[in-house]
Amino acid sequence: MAALSVEQRRSHLDAHRQWVQQEKDKGRTIHSGFLVDENRLPGGGGLLVFVANNFQEALNWVQTDPMIRHGLVDWSISEWIVDCEETFITRSTDFNRCN
């Protein structure tokens, strides 16, 4: 993983956000966000929750994320089996950077 300052990462973060929006515009169900500490300060990484038809599709697709392509994040992928289905993902108004 490349060690970059926040300023150096900014263009990559912008590219990641554009990629997420483009994927949403194509119809993919995707939720993207970053992790915060107990003081709600960022720096603990990020999380993508998305729908794919199978594990291989998910693996191939997620590797098109600019942050992953440029080696800027350590990452792993796991399949999530939904136990009970409810709409619970909402956008934080504290850090809203979406359109």
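Below is a short write-up of the structure. (Residues numbered from 1 in each chain as written. Predicted model: local features only at pLDDT ≥ 70, side-chain atom pairs only at ≥ 80, totals over all residues. Heavy atoms only, no water.)

In terms of helices and strands, the protein carries three helices and two strands. The secondary structure elements of the protein, listed N-terminal to C-terminal, are α-β-β-α-α. Counting only residues that meet the buried cut, the protein has 16% of its 99 residues in that class. Intrachain contacts of the protein at a sequence separation of at least 6 include 44% that bridge at least 24 residues. (Helix = DSSP H or I, 4+ residues; strand = E, 2+ residues; numbered from the N terminus. Buried < 20%, exposed > 50% of the residue type's maximum accessible area, 1.4 Å probe, protein only. Contact = heavy atoms within 4.5 Å.)

Time to look at the environment of Phe34. Tracing the chain through its elements places Phe34 in strand β1 (residues 30-36). Among the residues examined, Phe34 registers a relative accessible area of 32% and is labelled partly exposed. For the pair Phe34 and Gly45, spaced eleven residues apart in sequence, the C-alpha to C-alpha distance is 5.8 Å.

Scanning the model with the defined rule gives four salt bridges in all. Ionic pairing is found between Arg17 and Asp14, a salt bridge with its closest N-O pair at 3.3 Å. With a gap of three residues between them, Arg17 and Asp14 both fall in helix α1 (residues 6-25), about one helical turn apart. Residue classification places Asp14 among the partly exposed positions, given a relative accessible area of 36%. As a salt-bridge pair, Arg28 and Glu57 come within 3.7 Å of each other at their nearest N and O atoms. Pair noted here: Arg28 is in the loop between α1 and β1 and Glu57 is in helix α2 (residues 55-62), with a separation of 29 residues, a long-range link. Note on Arg28: relative accessible area 19%, which makes it buried. Here Glu57 falls in the partly exposed class, since its relative accessible area comes to 25%. Where salt bridges share partners, they join Glu23, Lys26, Arg28 and Glu57 into one cluster. (Salt bridge = Lys/Arg side-chain N within 4 Å of Asp/Glu carboxyl O.)

Judged by nonpolar contacts, Trp19, Val20, Ile30, Phe50, Ala58, Trp61, Val62 and Ile68 together constitute the single largest core of eight residues. Only α1 and α2 provide two or more residues apiece to this core. Of all the elements, α2 adds the most residues to this core, at three residues. (Core = buried A, V, L, I, M, F, W, Y, C linked by side-chain atoms within 4.5 Å.)

Counted under the stated rule, the structure contains two aromatic pairs. Measuring from centroid to centroid gives 4.4 Å for Phe50 and Trp61, while their planes differ by 55°, and the two rings are tilted. A residue pair is termed long-range when its members are at least 10 positions apart, and Phe50 in strand β2 (residues 42-50) and Trp61 in helix α2 qualify at eleven residues. Judged by its relative accessible area of 8%, Trp61 falls in the buried class. Pairwise contacts between aromatic rings join Trp19, Phe50 and Trp61 into one cluster. We note Arg28 situated over the ring of Trp61; from NZ or CZ to the ring centre the distance is 4.2 Å. (Phe/Tyr/Trp six-rings, centres within 6.5 Å; stacked < 30°, edge-to-face > 60°. Lys NZ or Arg CZ within 6 Å of the ring centre and 35° of its normal.)

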